[in-house]
Amino acid sequence: MRLKDTRTGYGWISIVLHWVTAAFVLTMLFVGNSIPSVHGGAYQDKLRLHVGLAFIFYLFMWFRIWWRFAKGHPAPLPKQRGFFFYVGKYTHFGLILALALMLVSGPLMASSGGFPLAVFDWFTIPPLIDVNVDVFTVAHFLHVAGATILGWGAFLHICGSAKHFLIDNDGTLDKMLVAAAPEADDPAAPEPPAKPALETPGA
């Protein structure tokens with residue numbers, strides 16, 4: 001079971017992190033964008049859901065960010081080389097940076113605005129800093145900017161994946177569905193079976 005990445009592919013850790021993060025980000029964007037459109041009890045319910053999901057996955061998302069920057073981006077397969085590979089690569093890193101921006105700006109925006117963070121109906125986290133209108137304004141701007149980058153970036157990412165799968169057929173989607181096999185130059189690759197020694201004639 002291949003857990004870690006290879007030179008040109010992903011292991012199961014990266015694959016699981018990718019799909020869990022994709023589900024989390026799309027859910028958070030949907031819930032977050034729907035908050036301003038409701039009022040009263042529905043507003044509080046949406047806000048608690050948004051904050052609760054963020055709380056549950058907060059450390060997981062930071063691990064996902066650290067993992068990708070620590071492991072880097074796999075090199076292209078033979079059919080992936082070219083301009084669009086690098087577009088996809090840096091779009092990927094841009095999405096990860098936008099996610100980090102959301103993880104910082106969200107709690108900062110709530111605290112600087114004097115809003116406690118209600119984690120579902122479980123408990124409430126009081127503001128971590130004093131009310132500061134200037135900090136709130138900047139944090140709110142960064143949170144909206146991060147959400148915009150994530151939304152458009154996810155759209156481009158999906159379109160790029162469709163192109164790779166339907167047009168290029170270059171194995172890009174396969175890399176995120178099945179862990180890569182160890183390569184010959186991979187230290188974790190199994191040793192090839194030893195060839196049986198040939199008997200010396202007349203021995």
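These numbers come from a predicted model, not from an experiment.

1. Regarding helix α2 (residues 40-71)
Over its 32 residues, α2 runs 45 Å from end to end, which matches the ideal 46 Å to within 8%, given 1.5 Å per residue. Of all the bends found along α2, the most pronounced is centred on Phe-57 and spans about 50°. Within α2 the residues assigned to the buried category are His-50, Val-51, Gly-52, Leu-53, Met-61, Arg-64, Ile-65, Trp-67 and Arg-68. Buried positions along α2 lie against α1 (12-34), α3 (83-112), β1 (117-119) and α4 (133-168). Of the residues one or two after α2, Gly-72 is the one with positive phi, at around 75°.

2. With respect to the packing of α1 against α4
In the contact formed by α1 and α4, the axes pass within 11 Å of each other and the chain directions differ by 125°. When the axes of α1 and α4 are compared, the pair comes out oblique. When you trace α1 past α4, the crossing you get is left-handed. Residue-level contacts link His-18, Val-25, Leu-26 and Leu-29 of α1 to Ala-147, Leu-150, Gly-151, Ala-154 and His-157 of α4. Its residues assigned to classes, the contact of α1 with α4 shows six nonpolar, three polar and no charged.

3. So, the side chain of Lys-175
Tracing the backbone through its elements, the reader meets Lys-175 in helix α5 (residues 172-175). A relative accessible area of 10% means that Lys-175 is categorised as buried. Among the polar contacts listed, one links the side chain of Lys-175 to the backbone oxygen of Thr-8, at a separation of 3.1 Å. If sequence neighbours within four positions are ignored, Lys-175 has contacts with Thr-8, Gly-9, Tyr-10, Ile-15, Pro-74, Ala-75, Leu-77 and Gln-80.

4. Things to note about α4
Over its 36 residues, α4 extends 50 Å from the first C-alpha to the last, a length consistent with the 52 Å expected when each residue adds 1.5 Å. Packing partners of the buried residues in α4 comprise α1, α2, α3 and α5. The N-cap of α4, judged by a side-chain oxygen 3.1 Å from the amide nitrogen of Asp-134 a few residues on, is Asn-132. Within two residues after α4, Asn-169 carries a phi angle of roughly 50°, on the positive side.

5. Things to note about the confidence of the model for the protein
Looking at the protein, the pLDDT average stands at 86 and 89% of residues meet or exceed 70. Mean pLDDT across the elements of the protein bottoms out in α5 (82) and peaks in α1 (94).

6. Some points on unusual backbone geometry
Phi angles above zero are rare outside glycine, and Phe-120 is one such case at about 50°. By the secondary structure assignment, Phe-120 is in the loop between β1 and β2 (123-125).

7. Describing the nonpolar core
Ranked by size, the top nonpolar core spans 16 residues in total, and within it Phe-24, Val-25, Ile-65, Leu-99 and Leu-150 carry the most contacts. Top element by residues in this core is α3. It accounts for seven residues. In this structure Leu-99 touches Thr-21, Phe-24, Val-25, Met-61, Ile-65 and Leu-150, once residues within four positions along its chain are discounted.

8. Focus: the packing of aromatic side chains
Tallying each qualifying case throughout the model produces 12 aromatic pairs. Centre to centre, the rings of Tyr-58 and Trp-62 are 6.4 Å apart; their planes meet at 75°, and the pair counts as edge-to-face. Of the two residues, Tyr-58 and Trp-62 both sit in helix α2, four residues apart, roughly one turn of that helix. Classification of Tyr-58 by relative accessible area gives partly exposed; the value is 26%. With a centroid separation of 6.0 Å and an interplanar angle of 90°, the aromatic rings of Trp-152 and Phe-155 are classed as edge-to-face. A residue pair is termed a helical-turn pair when its members lie 3 or 4 positions apart in one helix, as Trp-152 and Phe-155 do in helix α4 at three residues. The exposure class of Phe-155 is partly exposed, given its relative accessible area of 47%. What links up through ring pairs into an aromatic cluster is the set Phe-24, Phe-57 and Phe-60. Above the plane of the ring of Trp-67 lies Lys-71, whose end atom (NZ or CZ) is 4.8 Å from the centre.

Thresholds, definitions, all that
Residues numbered from 1 in each chain as written. Predicted model: local features only at pLDDT ≥ 70, side-chain atom pairs only at ≥ 80, totals over all residues. Heavy atoms only, no water. Helix = DSSP H or I, 4+ residues; strand = E, 2+ residues; numbered from the N terminus. Expected span 1.5 Å × (residues − 1). Bend = angle between axes of the 7 residues up to and from the residue. Buried < 20%, exposed > 50% of the residue type's maximum accessible area, 1.4 Å probe, protein only. Contact = heavy atoms within 4.5 Å. Axes fitted to C-alpha atoms, helices over the stretch in contact; angles between N-to-C directions. Parallel < 35°, antiparallel > 145°, perpendicular 65-115°, else oblique. Left-handed = near helix turned anticlockwise from the far one by under 90°. Nonpolar A, V, L, I, M, F, W, Y, C, P; charged D, E, K, R; others polar. Polar contact = N/O pair within 3.5 Å; in protein donor to acceptor, adjacent residues only side chain to side chain. pLDDT = per-residue confidence, 0-100. Core = buried A, V, L, I, M, F, W, Y, C linked by side-chain atoms within 4.5 Å. Phe/Tyr/Trp six-rings, centres within 6.5 Å; stacked < 30°, edge-to-face > 60°. Lys NZ or Arg CZ within 6 Å of the ring centre and 35° of its normal.

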